[in-house]
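Architecture and fold: a report
Now for the letters of each chain:
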Amino acid sequence: MPYLTAYGAMVEVGGVRAGDTVVLNAASSSVGLAAIHTAVRAGATPIAVTRTRAKRARLLEEGAAEVIVSDEEDVAERVLALTGGRGAEQVLDAVAGPGVTALGRAVAPGGTLVLWGAQSGQPTPYPGFDLGMPALNIRTYTVLEITRDRERLRRAAAFVSSGLRTGAFRPVVDRLFPLEEIVEAHRHLESNTQVGKIVVTVAR
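The notes below deal with the structure included here. (Residues numbered from 1 in each chain as written. Predicted model: local features only at pLDDT ≥ 70, side-chain atom pairs only at ≥ 80, totals over all residues. Heavy atoms only, no water.)

**Looking at the packing of aromatic side chains**
By convention here, two paired aromatic rings are described through the distance between centres and the angle between planes. Across all of its chains, the model carries four aromatic pairs by this definition. For the ring pair Tyr126 and Phe129, a centre distance of 5.6 Å and an interplane angle of 70° mean the geometry is edge-to-face. A centroid spacing of 5.7 Å and a plane angle of 50° characterise the contact between Phe159 and Phe169, whose relative ring orientation is tilted. Of this pair, Phe159 sits in helix α7 (residues 150-166) while Phe169 is found in the loop between α7 and β7 (173-178), placing the two residues 10 residues apart along the sequence. We note that Phe159, like Phe169, is buried. Seen from the ring of Phe159, Arg41 lies directly overhead, with NZ or CZ sitting 4.8 Å from the centre. The ring of Phe169 carries Arg41 above its face, with NZ or CZ at 5.5 Å from the centroid. (Phe/Tyr/Trp six-rings, centres within 6.5 Å; stacked < 30°, edge-to-face > 60°. Helix = DSSP H or I, 4+ residues; strand = E, 2+ residues; numbered from the N terminus. Buried < 20%, exposed > 50% of the residue type's maximum accessible area, 1.4 Å probe, protein only. Lys NZ or Arg CZ within 6 Å of the ring centre and 35° of its normal.)

Structure below.
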């Protein structure tokens, strides 16, 4: 499912191509990691955004070309510096909220800001006017755009299956917890230290 979500947003909806730059926040989530892998497989350059430096090395290992630590750096300024002032052809925002305006500054002219999550839980403004009405495409996305369309789903299944066969795609599991430790599993989830999925196992 993470790869289906990432493929749909980046390829079917965003039209990512080889040579494009893709910026994604919440990069250590399962969908964020799938987006890094998908960008690499499509020939694009993934720039991962994470809140703390602790996850930087792991995100580079997973294929991120660059990692921006949002608690320490201005994300838009760093993206512009990394792209020679052009910006990213695609920005994938899993957080939304007030930060969408700053992310909008990181989008290349004619590029797309894809809102595929709302982790901030705050109202999300329309940034176009505050940014001076640039050539900025903004759209929301859910995986249902893929799963409810037979042709899109067929293409997505082929893309993800081939990635799994070649090893380009793989599950990233942070930790396993037995069901008896479900409280500790939730604490670990809330600590925001994980990279990838937290899996709860059940004895047979």
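**Some thoughts on unusual backbone geometry**
One non-glycine residue, Ala96, adopts positive backbone phi at about 60°. Along the chain, Ala96 turns up in the loop between β4 (88-93) and α5 (100-104). The backbone phi angle of Met133 is positive, close to 60°, even though this residue is not glycine. Tracing the backbone through its elements, the reader meets Met133 in the loop between β5 (107-115) and β6 (137-140).

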